[in-house]
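Remarks on the overall topology
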Amino acid sequence: MKILYGVQGTGNGHITRARAMAVELGKAGAEVDYLFSGRPRERLFDMEAFGDFQHRDGLTFAVRNGRIHLLDTLRGCRPVNFIRDVRQLAIERYDMILSDYEPITAWAGQLRRRPVIGLGHQYAFRHAIPQHRSSPGQRWVMKFFAPASTTLGLHWHHFNQPILPPIAPVDNHRADPERGLILVYLPFESPAAIAGLLRGFTDRHHFRVYHPDITDATAVSCGGPAIRWHRPCRDGFQTDLSRCEGVICNAGFELASEALQLGKKLLVKPVAGQPEQYSNALALDLLGYGHTMAELDAGKITRWLASACGTRIVYPNVAAAICAWLIAGAREPIGDLAARLWEQTELPDLTPATRTDINLPELATTPRGIHHG
C-alpha cells in the first residue's frame, strides 16, 4: 500500500503523533511519502523518521505574546501559493491519502474527489464533546481547514462518541521523578514574561524551559541556577518530561496526552483567541485531569504547585491499531475501532471520566481557572 501522509507542522504535537505512526506503518510494510507544511523547513527538527519528506508553506496562525494575531495571520497566508500547491500536488499514484490536519493534502484529495482520511485531535470537534463556543468564522475555519471524507478524531475521553484515545508514545521514557523539577513549554509567550513568572518560585522548585526563540544572550538574562533554558530538542525534552514532577504548557493536545500517560500534574494556559485550546482547557477542567489558567498567573501557579500528584491514564498503542485498520482497507466501522481501544484504556477511578453515561453538550463558558478535582 502506498500512502501520502500530510502533517501539519505548526505544533510539535502533530509531528510527535506522526513519528509514532511512522514506526507502526513501517512495521506494517506500508510505503509512505510524507508532506509537512505550516512551519519553515529550517525550523523542523529531528525529522529522520520521515526520510526524504516533502515540504510546502501551507497555512498557519500567527501568534504574538500568547495571542493569535489576525493581521499577521492574514499577511502570512499567501493564498495564491496555497492554491498552486494544492493543484500541483501529485496524488494519483497513491492508494490512500492521510492528513493530520494538513490542508494541502486534504484539499488536493477533496478537489479531485479522492477519499481523504483525517487523523487528529481537531477532527474530534465534529462530535458532541466539551467545546468552547467560538464565533461562526472560527467554526468554519475548524471545519474546512483540512477537510476529510473519513475522520479519526482523538481525545482524552470518548464522551460516548466514536472518537479514539490519544496517540501518546511515552513507553521508552520512564524515569523516577526529580523532586522539584517542573517542565515548562510555553512557545507562544515571550521568554522575559516566562522568566518573570517563574522567578518567584525558585526557592523550592527548578525549571527546565523549552522555547523556540531562546538565544544564548536571552538564556543568560532570563535564566539562573533554577531556570535553565533549552531550544526544542526531542531527546532532551522527553528526558525532562519523564523526570519532572509537573508540566506547565499551552493547552495543546499532544503534550498534555503524554503528561497524562506519565501521571504528571498538569497546568495549561490556552493561547488567547484559539478556540481549540480553550476547548482543551475546558475538557481538562471538567474531567479533573488538569489545572488551567487564562493568563500567566503566579497565584494559580502557587496553588498548582501545592496540589496533589497528577492524573495517570494508561492508553493502548493507538498508532498500531490505526495502522492495522488502514492496512485492512479502513473498512471496520470507526465506532467499533473506538470501542475496542477504550476497552483497553485504564482511566482514573475517581473522576467523571469513569462514568459510562457522560455525554457533555457544547458549552458556552471559557475555562473556570484552577480545578481542584
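The following paragraphs examine the structure supplied in this document.

Cut-off values and rules
- Counting from 1, residues in each chain are numbered in the order their sequence is written.
- Thresholds applied to this predicted model are a pLDDT of at least 70 for local features of residues and 80 or more for the giving and counting of side-chain atom pairs; totals over whole chains, interfaces and linings are not thresholded and use all residues.
- Heavy atoms throughout the structure, all of them, feed into the side-chain values; hydrogens and water do not.
- We count a stretch as a helix when DSSP gives it H or I for four or more residues in a row; a strand needs E for two or more, and each element gets its number in order from the N terminus.
- Accessible area is worked out with a 1.4 Å probe on protein chains only. A residue is then buried under 20% of its type maximum, exposed over 50%, and partly exposed in between.
- Contact definition: two residues touch when any of their heavy atoms are within 4.5 Å.
- Where accessible areas are quoted, they stem from the Shrake-Rupley method and a 1.4 Å probe; at the residue level, only the protein chains shown are allowed to cover.
- What qualifies as a polar contact is a pair of N or O atoms within 3.5 Å, subject to a donor-acceptor requirement within protein and to the restriction that residues adjacent in sequence count only when both atoms come from side chains.
- Two strands are said to pair when DSSP picks up at least two bridges between them.
- Crossovers are described as right-handed under a simple rule: with the strands pointing away from the observer, the path leading from the first strand over the helix to the second runs clockwise.

Summing up its helical and strand segments, the protein has 13 helices and 14 strands in all. When burial is assessed residue by residue, the protein has 54% of its 373 residues classed as buried. Taking contacts inside the protein between residues at least 6 apart in sequence as the whole, the part at least 24 apart equals 69%. Approximately 16400 Å² of the protein is accessible, and the part contributed by carbon and sulfur atoms is 52%.

You can see Thr16 is positioned in helix H1 (residues 12-27). The class of Thr16 is buried, set by a relative accessible area of 8%. Excluding anything up to four places from it in sequence, Thr16 contacts Pro169, Arg234, Glu254 and Glu258.

This part covers helix H12 (residues 318-327). Where burial is concerned, most of H12 is hidden: seven out of the ten residues are buried. For H12, the full list of buried residues reads Val318, Ala319, Ala321, Ile322, Cys323, Trp325 and Leu326. On its buried side, H12 packs onto H1, strand E6 (96-100), strand E7 (116-120), strand E8 (150-153) and helix H13 (334-343). Measuring from the side-chain oxygen of the N-cap residue of H12 to the backbone nitrogen of Ala319 gives 3.4 Å; that N-cap residue is Asn317. Gly329 sits one or two positions beyond H12 and adopts a positive phi of about 100°.

Take the pairing of strand E9 (residues 181-185) next. Put simply, side chains in a regular strand alternate between the two faces of the sheet. Most of E9 sits inside the fold, with five of its five residues counted as buried. Residues Leu181, Leu183 and Tyr185 line one face of E9 and the alternating positions Ile182 and Val184 line the opposite face, and both faces are buried. Summarising the sheet, E9 and strand E10 (residues 206-210) pair through five bridges and their orientation is parallel. Along E10, the bridge assignment pairs Tyr185 with Tyr210. Once the chain exits E9 it traverses helix H6 (residues 191-198) before rejoining the sheet at E10, and the crossover so formed is right-handed. Across four bridges, E9 lies against strand E12 (residues 246-250) in parallel orientation. Looking at the pairing, Ile182 lines up with Gly246 of E12.

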